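Residues per chain, in single letters:
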Amino acid sequence: MTPELLRIVDRRLEATGALEHGWSLLVLGACESDASLTAVLEGRAPTTRRGIATAEKEPQDRPGAYLDSITVEGFRGVGPKRTLEIQPGPGLTLVVGRNGSGKSSFAEGVEILLTGTNSRWAKRS
């Protein structure tokens, strides 16, 4: 389980008052790892626990990185340099257009830039 998901479970247990009950240790132990759950079941874990959400301070303002344009040149079906302007900011951006207009070329260009690979062609010779 990821640390963020563990914090969500912990916050929910805390908000409902469940951290006051012994069974909440079983839930959190199961979420953390097999070893943590085994420790709780065998009585080797602390009987009280400070909440993860309060023990770890979360950043109040998370920095973000947003694209304002994507430029592709000589890639897939795109020959000369083409730029797709997009509105930067959080949320969902839809790129729509007719078939063959280059939507996938821009998306795969960004994928290769960010990951160094292209999942569409990864399993093809």
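A. Up close: the overall build of the protein. Looking only at helices and strands, the protein features five helices and two strands. Listed N to C, the secondary structure of the protein is α-α-α-α-β-β-α in terms of helices and strands. For the protein, with 125 residues in total, the buried portion stands at 20%. Across the protein, contacts joining residues at least 24 apart in sequence account for 34% of those joining residues at least 6 apart. Entry remark: accessible area of the protein is about 9,600 Å², with carbon and sulfur atoms responsible for 54%.

B. Seen up close, the pairing of strand β1 (residues 69–72). Residues Ile-70 and Val-72 point to one face of β1 and are all buried, whereas Ser-69 and Thr-71, pointing to the other face, are not buried. Bridging between β1 and strand β2 (residues 82–85) involves four bridges; their strand directions are antiparallel. Bridge pairing in β2 links Ser-69 to Glu-85.

C. Here's a closer look at the environment of Arg-7. Looking at the secondary structure, you find Arg-7 in helix α1 (residues 3–15). Take Arg-7: its relative accessible area is 14%, and that puts it in the buried class. Each C-alpha atom, one on Arg-7 and one on Leu-28, is 9.8 Å from the other, the two residues being 21 residues apart in sequence.

D. Here's a closer look at a nonpolar patch on the surface. There is a patch of nonpolar side chains on the surface, built from Met-1, Leu-5 and Ile-8 and spanning about 270 Å² of accessible area. Along the chain, the position of Met-1 falls in the segment before α1. According to the relative accessible area criterion, Met-1 is exposed, its value standing at 52%.

E. Layout of the packing of α1 against helix α2 (residues 23–32). At a closest axis distance of 10 Å, the pairing of α1 and α2 adopts a crossing angle of 170°. What the angle tells us is that α1 and α2 run roughly antiparallel. Two secondary-structure elements touch here, α1 through Leu-6, Val-9, Asp-10 and Leu-13 and α2 through Trp-23, Ser-24, Val-27, Leu-28, Cys-31 and Glu-32. Of the residues that constitute the contact of α1 with α2, the class distribution is seven nonpolar, one polar and two charged.

F. Up close: the nonpolar core. Formed by Ile-70, Val-72, Val-78, Ile-86, Phe-106 and Val-110, the largest nonpolar core amounts to six residues. Contributing elements (two or more residues each) for this core: β1 and α5 (103–115). Excluding residues within four positions of it along the chain, Val-78 makes contact with Val-72, Glu-73 and Ser-105.

G. Examining the pattern of salt bridges more closely. By the definition in use, this model includes five salt bridges. A salt bridge links Arg-11 to Glu-4, with the shortest nitrogen-to-oxygen separation between them at 3.5 Å. What you see here is one network of salt bridges that share partners, running through Glu-4, Arg-7 and Arg-11.

Basis of the calculations
Residues numbered from 1 in each chain as written. Predicted model: local features only at pLDDT ≥ 70, side-chain atom pairs only at ≥ 80, totals over all residues. Heavy atoms only, no water. Helix = DSSP H or I, 4+ residues; strand = E, 2+ residues; numbered from the N terminus. Buried < 20%, exposed > 50% of the residue type's maximum accessible area, 1.4 Å probe, protein only. Contact = heavy atoms within 4.5 Å. Areas by Shrake-Rupley, 256 points an atom, 1.4 Å probe, with all protein chains shown as cover. Pairing = 2+ DSSP bridges. Patch = residues over 30% accessible without salt bridge, like charges linked within 9 Å, V, L, I, M, F, W, Y side chains within 5 Å. Salt bridge = Lys/Arg side-chain N within 4 Å of Asp/Glu carboxyl O. Axes fitted to C-alpha atoms, helices over the stretch in contact; angles between N-to-C directions. Parallel < 35°, antiparallel > 145°, perpendicular 65-115°, else oblique. Nonpolar A, V, L, I, M, F, W, Y, C, P; charged D, E, K, R; others polar. Core = buried A, V, L, I, M, F, W, Y, C linked by side-chain atoms within 4.5 Å.

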